[in-house]
Amino acid sequence: MKSLVLVLCLAQLWGCHSAPPGPGLGYRELNCDDPETEQAALVAVDYINSHLLRGYKHVLNQIDKVKVWPRRPVGEVFELELDTLETTCHALDPTPLANCSVRQMQAHAVEGDCDFRVLKQDGQFFVLFAKCDSSPDSAEDVRKVCPDCPLLAPLNDTRVVHAVEAALAAFNARNNGSYFQLVEVSRAQLVPLPVSTYVEFAVAATDCVAKDVTDPAKCNLLAEQQYGFCKSTLTEKVGGEDVAVTCMVFQTQPQPAGTNAPVVTSDAPVPAPAAVMVGPLVAAAPPPAPPVHRAHYDLRHAFTGVASVESASGEAFHVGKATTAVQPGVPVAAGPVVRPCPGRIRHFKI
């Protein structure tokens, strides 16, 4: 028995000396709720919202995965998979994200799915890669929460288009200031009882006075662009219809040189995405064409990923290529312990 114990001890000692720690996975894994992970994720969400000109702002809901890769000669790259949720704040609304309400499930919530690579260098975070898409919750899930709640309707539905035109006309008719033109139809729902159409849409002020306009086509956007956001319900009645509309006009927003502004038309294509930043370098790619009968503005039409990027130092960053030195006859050391992921759900899961 003593001989057996001695043999086991010698075997353990030999194993310790013959299996030096190797580089393992080549990346480090963080807890998805680690403060450093969350900081990188929040930078990614800020990037989404600062590059949106259509639709609604998004908030972080859950961090699904995180890997932290070394980046030569300095820094680290956070490879993130994130879930976001749509808020009730329009992309043009200057309200801080912290003050925006998350759209609830009974209002037909929209979830975003994003892949990001975020560089951390000298304590600062920079987005290297961004790719997102979004989709509304399923009709079945909405019905479970609220059986009678209306679902999202296609933005080019004839009833939606008519409701927006009637609401904008009603708003301009009672407006003593600038004449407002339509920027986009943002959201719509067809309500069964009472039979009505609910719409949300963005508008922009022009150099025309609302009460004096005879030909809207001759009106131009103000140099210091001023946007607004409207909500309206058009209710069908016997022999007519009733339009209720409220609009919030935002403070003027001077546009920096080179900044794209939304085109004033409800059927305009989604603008090209802002460039993907790679240190001091810049790379951009055209977005795919949005579907004609869309019911919301999919994030995939605001963001496009790039196959590979290079850092300012010229060192290429390749996800998934972890270098592991293996010597013949020597066992490879175990990689780091996998930390808890996905992280906590901040609002609700859809």
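In this report, the structure presented in the accompanying data block is examined. The written sequence of each chain sets the order in which its residues are numbered from 1. Owing to the predicted nature of the model, reporting of local features is limited to residues with pLDDT of at least 70; listing and counting of side-chain atom pairs is limited to 80 or more, with chain, interface and lining totals taken over all residues. Heavy atoms from the whole structure form the basis of all side-chain values; hydrogens and water molecules are not counted.

1. Brief notes about the state of the cysteines
Next, step 1: In plain terms, two cysteine sulfur atoms within 2.5 Å form what is called a disulfide here. If you walk through the whole model with that rule in mind, you get six disulfides.
Next, step 2: Between the sulfur of Cys89 and that of Cys100 lies a disulfide, 2.2 Å long from S to S. An S-S torsion of about -105 degrees defines the bridge between Cys89 and Cys100 as left-handed. One end of the pair, Cys89, is in strand E2 (residues 76-90); the other, Cys100, is in the loop between E2 and strand E3 (110-121), with eleven residues separating them in the sequence.
Next, step 3: Between the sulfur atoms of Cys146 and its disulfide mate Cys149 the distance is 1.9 Å. In this structure the cystine formed by Cys146 and Cys149 twists about its S-S bond by roughly 75 degrees; its chirality is therefore right-handed. Taken individually, Cys146 and Cys149 each receive the classification buried, so the pair is uniform in this respect. Here a strand is any run of E in DSSP of at least two residues, a helix any run of H or I of at least four, and the numbering for each starts at the N terminus. Three labels apply to residues, based on accessible area from a 1.4 Å probe with only protein chains included: buried if under 20% of the type maximum, exposed if over 50%, partly exposed otherwise in between.

2. Brief notes about the packing of aromatic side chains
Next, step 1: Pairing of aromatic side chains here covers Phe, Tyr and the six-membered ring of Trp, requires ring centres within 6.5 Å, and sorts the geometry by plane angle: under 30 degrees stacked, over 60 edge-to-face, intermediate tilted. The final tally for this structure, using the stated rule, is five aromatic pairs.
Next, step 2: Summarising the aromatic geometry, the rings of Tyr47 and Phe116 are spaced 6.2 Å apart at their centres and angled 85 degrees between planes, so their arrangement reads as edge-to-face. Of this pair, Tyr47 sits in helix H2 (residues 35-50) while Phe116 sits in strand E3, and the two are 69 residues apart along the sequence. Here the two residues Tyr47 and Phe116 agree in accessibility, since each one is buried.
Next, step 3: Look at Phe171 and Phe180: their rings are 5.5 Å apart centre to centre, the planes differ by 65 degrees, and that puts the pair in the edge-to-face class.
Next, step 4: The class for Phe180 is buried, based on a relative accessible area of 4%.
Next, step 5: The rule is short: NZ of Lys or CZ of Arg within 6 Å of the ring centre and within 35 degrees of the ring normal puts a charge over the ring. Here the guanidinium or amino end of Arg103 rests over the ring plane of Tyr56, the centre of that ring lying 4.6 Å away.

3. A few points about helix H4 (residues 158-173)
Since one α-helical turn is 3.6 residues long, residues separated by three or four positions face the same way.
Next, step 1: Counted at 1.5 Å a residue, the expected span for H4 with its 16 residues is 22 Å, and the 22 Å between its end C-alpha atoms agrees.
Next, step 2: Three or more residues of H4 are buried, namely Val160, Ala163, Val164, Ala166, Ala167, Leu168, Phe171 and Asn172.
Next, step 3: What makes two residues a contact is simply this: any of their non-hydrogen atoms within 4.5 Å. Of the surrounding elements, those touching the buried residues of H4 are strand E5 (178-191), strand E6 (196-209), strand E7 (227-237) and strand E8 (240-249).
Next, step 4: For H4, the N-terminal capping position is held by Asp157, with its side-chain oxygen 2.8 Å away from the main-chain nitrogen of Arg159. Residue count minus one, scaled by 1.5 Å, sets the expected span of a helix. Polar contacts, as counted here, are pairs of nitrogen or oxygen atoms within 3.5 Å of one another; within protein the pair requires one atom able to donate a hydrogen and one able to accept it, and residues that are adjacent in sequence qualify only if both atoms are side-chain atoms.

4. Details of the nonpolar core
Nonpolar side chains tend toward joint burial in soluble globular proteins.
Next, step 1: Buried residues of nine kinds, namely Ala, Val, Leu, Ile, Met, Phe, Trp, Tyr and Cys, make up a nonpolar core once their side-chain atoms join them within 4.5 Å. Among the nonpolar cores identified, the biggest contains 25 residues, and Phe78, Leu80, Leu82, Phe116 and Val118 are the most heavily contacted of them.
Next, step 2: Sorting the residues of this core by element identifies H2, strand E1 (56-70), E2, E3 and strand E4 (124-136) as the ones contributing at least two each.
Next, step 3: Ignoring anything within four residues of it in the chain, the contact list for Leu82 reads Ala41, Ala44, Leu60, Gln62, Ile63, Asp64, Gly112, Asp113, Cys114 and Phe116.
Next, step 4: Membership of the second largest hydrophobic core comes to 21 residues, among which are Ala166, Leu168, Leu182 and Val185.

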